Amino acid sequence: MKSTFRLFIGPATLSLTVFLSGCGQPGPLYLPKPPAAKPAKSGAAPAAPAPAPITPPTTTPVSQP
């Protein structure tokens, strides 16, 4: 009976030691999600200003003599 108890207590002690060695370890218990891209603010200036509209040059009619 003593030999059966000794065969049980050795592996049980070793298993308990291995399982409890992970307790109290710092750090997250999961993989963190990557940060989400921040949306542009609506009040922020645009990246490039809009091009000015092109207006055709004004010409005055030439009067003929």
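Anything mentioned here points back to the structure above.
In what follows, the accompanying structure is described. (Residues numbered from 1 in each chain as written. Predicted model: local features only at pLDDT ≥ 70, side-chain atom pairs only at ≥ 80, totals over all residues. Heavy atoms only, no water.)

With that settled, consider the overall build of the protein chain. Check the secondary structure of the protein chain and you find one helix and zero strands. Of all 65 residues assigned to the protein chain, the portion counted as buried reaches 0%. Only carbon and sulfur atoms are counted for the fraction: they give 70% of the accessible area of the protein chain, which is about 7200 Å². (Helix = DSSP H or I, 4+ residues; strand = E, 2+ residues; numbered from the N terminus. Buried < 20%, exposed > 50% of the residue type's maximum accessible area, 1.4 Å probe, protein only. Areas by Shrake-Rupley, 256 points an atom, 1.4 Å probe, with all protein chains shown as cover.)

Quick look at a nonpolar patch on the surface now. On the surface, Phe5, Phe8 and Ile9 cluster together into a nonpolar patch covering about 330 Å² of accessible area. Residue placement: phenylalanine 5 occurs in helix α1 (residues 2–20). By relative accessible area, which is 53% here, phenylalanine 5 ends up exposed. (Patch = residues over 30% accessible without salt bridge, like charges linked within 9 Å, V, L, I, M, F, W, Y side chains within 5 Å. Salt bridge = Lys/Arg side-chain N within 4 Å of Asp/Glu carboxyl O.)

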